[in-house]
Structure formats: structure tokens, C-alpha cells
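Topology and contacts: notes
The lines below spell out each chain.
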Amino acid sequence: MTAPRTLPSLLLHKSQQRGFTLIELLVVLAILALLAGLVGPQVMNALGESKSKTAKVQIEDLAAALDLYRLDTGHYPSNEEGLKALVEKPKAAKKWNGPYLKKKLVPDDPWGNPYTYRFPGEHGAYDLLSLGSDNVPGGEGEARDLLGWE
């Protein structure tokens, strides 16, 4: 059986414990910085891709709602009526059976910009697109246009 330690022996034992050295801390920080440098861009790239995929899905949903609108009214909304005709009955619309969107509001694209709708369209009966993160025609990566006719 060991004898109980006295206060001086406890203090001596506690002072012999050592912490991390500056070099050990710098090595850990370097490893963390390296991991952040490798993983960070991948996370940002995945985030950009998910926004693009979300915009494509929303464009498909809006296109389906536009087709239902046309089936009920006999025509697509005019440029003046725009996508708002999917949730609010236009004055001139007969046989409107909406709202055609579940949430009863026209969503903005994932970057907070309204979708572009043109009737008549250059690529079909109507054109529906998102101008991407920069909200300017053209662009690459996350800034590229997402087109409803592709």
C-alpha cells in the first residue's frame, strides 16, 4: 500500500507535467491549414453545383406549371403577365384554374434573382432561364446561364 502524497509532492508532480511545445502547435496549425486548403474549395464547388441543380429543378417545375396554365387557358402568359400569372389570375385570363404553384408564390433562383420568362420564345413556345450567380447573360461555372430548353 502506498503512502498518501503530501501537498509538496503533489505540487512537484504537477509542475513536472508539460504542455505542448510551440513547434507541436505550429505543426498542428500547418496540418489544419493544409486540410482547409484542400477541402474548402471542394465544399464551395459542391455548394455551387447544388445551386445549379436546384435552379434546373425549379425551371422544370415552372415549365410544368406553365404547361398546365396553357391547358386551362389556351395560351401561355404574356410577357406583361409573366410568371406571376401562375399564382395570381390575370384580368384577361378565362378558365384560369390556379394557382399552379404549390406555395402560391413564384420562386427566385437560388441566387435570389427572378427567373427570366419570354413569350413568345426564341427556342420554343416560351423561354425560361436563370442567368446564374452573376445575373448577367453568359458566364462560366456558377455564373453560367441555366436554360429551360436544354
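All residue numbers here refer to positions counted from 1 along the written sequence of the relevant chain. Side-chain atom pairs in this predicted model are given and counted only at pLDDT of 80 or more, local residue features only at pLDDT of at least 70, and totals for whole chains, interfaces and linings cover all residues. Side-chain calculation: all heavy atoms of the structure are included, whereas hydrogens and water are not.

**A look at the nonpolar core**
Here is the rule we go by: Put simply, a nonpolar core is a bunch of buried Ala, Val, Leu, Ile, Met, Phe, Trp, Tyr and Cys residues held in one set by side-chain atoms that sit within 4.5 Å of each other. Categorising residues by exposure relies on relative accessible area from a 1.4 Å probe, with only protein chains included: less than 20% of the type maximum marks a residue as buried, more than 50% marks it as exposed, and the intermediate range marks it as partly exposed. Helix and strand assignments follow DSSP, with helices taken as H or I runs no shorter than four residues and strands as E runs no shorter than two, numbered in order from the N terminus.
Core analysis: the biggest nonpolar cluster contains 22 residues, and Leu66, Leu83, Leu86 and Leu128 have the highest contact counts within it. With seven residues, helix H2 (residues 22-73) is the largest single contributor of residues to this core.

**Re the packing of aromatic side chains**
Put simply, the rule is: When the centres of two rings from Phe, Tyr and Trp lie within 6.5 Å, Trp using its six-membered ring, the rings pair. Their planes under 30 degrees apart give stacked, over 60 give edge-to-face, and anything left gives tilted.
Applying the stated criterion across every chain, the model contains five aromatic pairs. Centre to centre, the rings of tryptophan 96 and tyrosine 100 are 5.7 Å apart; their planes meet at 85 degrees, and the pair counts as edge-to-face. As far as burial versus exposure is concerned, tryptophan 96 and tyrosine 100 are alike and both buried. For the pair tyrosine 117 and tyrosine 126, a centre-to-centre distance of 6.1 Å together with 35 degrees between the ring planes defines the contact as tilted. On the basis of relative accessibility, which here comes to 10%, the residue tyrosine 117 falls in the buried class. Feature note: the residues Tyr76, Tyr117, Phe119 and Tyr126 constitute an aromatic cluster, connected by ring pairs.

**Things to note about the pattern of salt bridges**
Put simply, the test is: Any carboxyl oxygen of Asp or Glu within 4 Å of a side-chain nitrogen of Lys or Arg constitutes a salt bridge here.
If you walk through the whole model with that rule in mind, you get two salt bridges. The residue lysine 84 makes a salt bridge to glutamate 88 at a minimum N-O spacing of 3.8 Å. Note that arginine 118 and aspartate 127 form a salt bridge whose closest N and O atoms lie 3.6 Å from each other.

**A short note on a nonpolar patch on the surface**
For clarity, the threshold we go by: Distance thresholds for patches are 9 Å for like charges and 5 Å for nonpolar side chains (Val, Leu, Ile, Met, Phe, Trp, Tyr), applied to residues having over 30% relative accessible area and no salt bridge. In this description, accessible areas are obtained by the Shrake-Rupley approach with a 1.4 Å probe, and a residue is regarded as covered only by the protein chains that are shown.
Where nonpolar side chains cluster on the molecular surface, the patch consists of Leu22, Ile23, Leu26, Val27, Val28, Leu29, Ile31, Leu32 and Leu35 and spans about 900 Å² of accessible area. Looking at the secondary structure, you find valine 27 in helix H2. The class for valine 27 is partly exposed, based on a relative accessible area of 45%.

**Focus on the side chain of asparagine 113**
Put simply, the rule is: The contact rule is simple, with two residues in contact once any of their heavy atoms fall within 4.5 Å.
Within the fold, asparagine 113 resides in the loop between H2 and strand S1 (116-118). The contacts of asparagine 113, once residues within four sequence positions are left out, are Asp108, Gly132, Ser133 and Asn135.

**Description of the sheet that holds strand S2 (residues 127-130)**
This is how the line gets drawn: Two strands pair under a simple rule: DSSP has to find at least two bridges between them.
Taken in spatial order, the three strands make up an open sheet running S1-S2-S3, and their pairing is antiparallel. Among the strands making up the open sheet, the edge pair consists of S1 and strand S3 (146-147).

**A look at the environment of lysine 103**
The residue lysine 103 is located in the loop between H2 and S1 in this model. Looking at lysine 103, the relative accessible area reads 71%, which means it is exposed. A C-alpha to C-alpha distance of 8.8 Å links lysine 103 and valine 87, two positions 16 residues apart in sequence.

**Thoughts on unusual backbone geometry**
Glycine 98 connects to proline 99 through a cis peptide bond whose omega is 5 degrees. Tracing the backbone through its elements, the reader meets proline 99 in the loop between H2 and S1. Of note in the backbone geometry, lysine 104 takes a positive phi value of approximately 60 degrees without being a glycine. Its place among the elements puts lysine 104 in the loop between H2 and S1. Given a relative accessible area of 58%, lysine 104 falls into the exposed group. Its identity as a non-glycine residue notwithstanding, asparagine 135 has a phi of 55 degrees, on the positive side. Here asparagine 135 is to be found in the loop between S2 and S3.

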